[in-house]
Amino acid sequence: MSSRTRSGSGTAATIIIVIADIMAFILALWILMYLLDANRANDLVNFIQDAARWLAGWSYDLFTFDKAWARVVCGYGLPAVVYLLVGHGLAGRLRRV
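Residues numbered from 1 in each chain as written. Predicted model: local features only at pLDDT ≥ 70, side-chain atom pairs only at ≥ 80, totals over all residues. Heavy atoms only, no water.

Let us now look at the packing of aromatic side chains. Centre distance and the angle of the planes are the two values used to describe a pair of aromatic rings. Enumeration according to the criterion identifies two aromatic pairs in this entry. Plain terms: the ring middles of Phe-63 and Phe-65 are 5.8 Å apart, the flat faces sit at 15 degrees to each other, and that makes the pair stacked. Relative accessible area serves as the criterion here: at 29%, Phe-63 is assigned to the partly exposed category. (Phe/Tyr/Trp six-rings, centres within 6.5 Å; stacked < 30°, edge-to-face > 60°. Buried < 20%, exposed > 50% of the residue type's maximum accessible area, 1.4 Å probe, protein only.)

Ranked by internal contacts, the top residues of the largest apolar core, which has 16 residues, are Leu-27, Trp-30, Ala-52 and Tyr-76. Mapped by element, the contributors of at least two residues to this core are helix 1 (2-35), helix 2 (43-55) and helix 3 (68-96). Looking at this core, the element that brings in the most residues is helix 1, giving six residues. With residues near it in sequence (within four places) discarded, Tyr-76 still touches Leu-27, Trp-30, Ile-31, Ala-52, Arg-53, Ala-56, Tyr-60 and Arg-71. (Core = buried A, V, L, I, M, F, W, Y, C linked by side-chain atoms within 4.5 Å. Helix = DSSP H or I, 4+ residues; strand = E, 2+ residues; numbered from the N terminus. Contact = heavy atoms within 4.5 Å.)

With that settled, the discussion passes to the confidence of the model for the protein. Of the residues in the protein, 94% reach a pLDDT of 70 or more, and the chain-wide mean stands at 90. Between the elements of the protein, mean pLDDT differs from a low of 87, seen in helix 1, to a high of 96, seen in helix 2. (pLDDT = per-residue confidence, 0-100.)

Our next topic: the environment of Arg-71. Residue placement: Arg-71 occurs in helix 3. Given a relative accessible area of 31%, Arg-71 falls into the partly exposed group. With 22 residues separating them along the chain, Arg-71 and Arg-93 place their C-alpha atoms 33 Å apart. For Arg-71, the residues in contact, after removing those within four places along its chain, are Phe-63, Thr-64, Phe-65, Asp-66 and Tyr-76.

This is the structure in structure tokens:
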């Protein structure tokens, strides 16, 4: 029965890691698209921007740097790092249970 619980918590940990990684990837992809001046009329770019803005809603405009690129890197980079740290930390705790 113990191995069954471990398998379930291992699966849950893997799911949490995958979700956290996808969230961080979307945020990093938007930062890259912004820095490379991607065409904002493109549907994919629009989708990534909307998803990143939603994911970074809690940190959007948290920093007020003079340069727009610095605001984007910090405003979207911080939540990416937080999602990775929290997701991987939570998954590690689940695996130890």
